[in-house]
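What follows is each chain in one-letter form.
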Amino acid sequence: MTARKRYWLMKSEPDDFSIDDLKRVGTEPWTGVRNYQARNFMKAMQVGDGVLFYHSNAEVPGIYGIAEVACTAYPDPSQFDRKSKYFDEKSNPEQPRWELVDVKYVRHLKHGISLNQIREHAEQLGEDFALIRKGTRLSVLPVSAAQWKLLLSLEGRNE
DNA sequence: GCCAACGTTGGC
DNA sequence: GCCAACGTTGGC
């Protein structure tokens, strides 16, 4: 029994790791998530789930590419690396606190979908869409099949 | 368990 | 660079 494909949105600062970087490396461990809710979403991911690649802290924040989940969650090695900025002294290998998934490049969007554009469709996306819900700063969040479809229908409309 | 202080996120 | 909003920490 295979779980039905699900969809997610994952944020990254392009100065740190962009969709171009993902294309170059192919597959990348999504390291550094230190928020329990975001971690729980990663633990729920299945191989092949769709990912919207979002650029935060960008000149024009928005969705710039598509990726997919390449493996199920496993402990984030950086939490045990004293030299890493993601080191967490309260975690230990017997009971790792933080997990991550690998994310695989699928494609760039023909045209990015800006946060402003996304906001224009807030009503259709619904109030539960965490990306534009007031005060929500989740870096990994679920997207419904309907939201996925609607968002991708905006691709290429922003000339 | 409360809450002030602090750190982080992320749009602008 | 600013700052609002939120999460976490730690004293009590």
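Basis of the calculations
- Residues numbered from 1 in each chain as written.
- Chains lettered and ligands numbered in written order.
- Predicted model: local features only at pLDDT ≥ 70, side-chain atom pairs only at ≥ 80, totals over all residues.
- Heavy atoms only, no water.
- Pairing = 2+ DSSP bridges.
- Helix = DSSP H or I, 4+ residues; strand = E, 2+ residues; numbered from the N terminus.
- Axes fitted to C-alpha atoms, helices over the stretch in contact; angles between N-to-C directions.
- Contact = heavy atoms within 4.5 Å.
- UniProt positions renumbered as here; feature names shortened; annotations may be inferred.
- Near = heavy atom within 4 Å.
- Polar contact = N/O pair within 3.5 Å; in protein donor to acceptor, adjacent residues only side chain to side chain.
- Nonpolar A, V, L, I, M, F, W, Y, C, P; charged D, E, K, R; others polar.

A.B. asks: Hey, could you run me through the sheet that holds strand 1 (residues 7-12) in this one?
C.D. replies: The pairing of strands in a sheet happens through backbone hydrogen bonds and is either parallel or antiparallel. Taking strand neighbours across the sheet as the criterion, the six strands line up as 2-7-4-3-1-8 in an open arrangement whose pairing is mixed. The outermost strands of the open sheet, each flanked by one partner alone, are strand 2 (27-29) and strand 8 (140-143). Strand after strand, the sheet turns through a mean of 40 degrees between neighbouring axes, direction not considered. Pairing analysis gives six bridges linking strand 3 (residues 50-55) to strand 4 (residues 62-69), with the strands arranged antiparallel. Within strand 4, the residue paired with Val51 across the bridge is Ala67. The strands touched by helix 2 (residues 36-43) within the sheet are strand 1 and strand 8, with strand 8 carrying the most contacts at an inclination of about 50 degrees.

A.B. asks: How should I be thinking about the UniProt feature "domain: EVE" (unreviewed entry) in chain A in this particular structure?
C.D. replies: With numbering aligned to this structure, UniProt lists the feature "domain: EVE" (unreviewed entry) at residues 6-153. Secondary structure across residues 6-153 comprises 23% helix and 30% strand; the distance between its end C-alpha atoms is 18 Å.

A.B. asks: Just to check I follow, could you spell out the protein's contact with DNA strand C for this structure?
C.D. replies: DNA strand C sits among Tyr36, Lys90, Lys134, Gly135 and Arg137. The sugar-phosphate portion of DNA strand C accounts for 71% of its atoms within 4 Å of the protein, the bases making up the rest. Lys90 is positioned with one of its side-chain polar atoms (N or O) 3.5 Å from a phosphate oxygen of DNA strand C. Here a phosphate oxygen of DNA strand C and a side-chain polar atom of Lys134 are 3.2 Å apart. Among the residues making up the surface near DNA strand C, the classes are represented as one nonpolar, one polar and three charged.

A.B. asks: I'm lost on the protein's contact with DNA strand B in this one. Help?
C.D. replies: What surrounds DNA strand B is the set Lys11, Tyr54, Ser56, Asn57, Pro61, Leu115, Arg119, Arg137 and Leu138. Taking all atoms of DNA strand B within 4 Å of the protein, the share assigned to sugar and phosphate is 67%. The contact in question runs from a phosphate oxygen of DNA strand B to an N or O atom on the side chain of Arg119, over 3.1 Å. Between Arg137 and DNA strand B, the recorded distance is 2.6 Å, taken from a side-chain N or O atom to a base oxygen. Considering only residue class, the surface near DNA strand B consists of four nonpolar, two polar and three charged.

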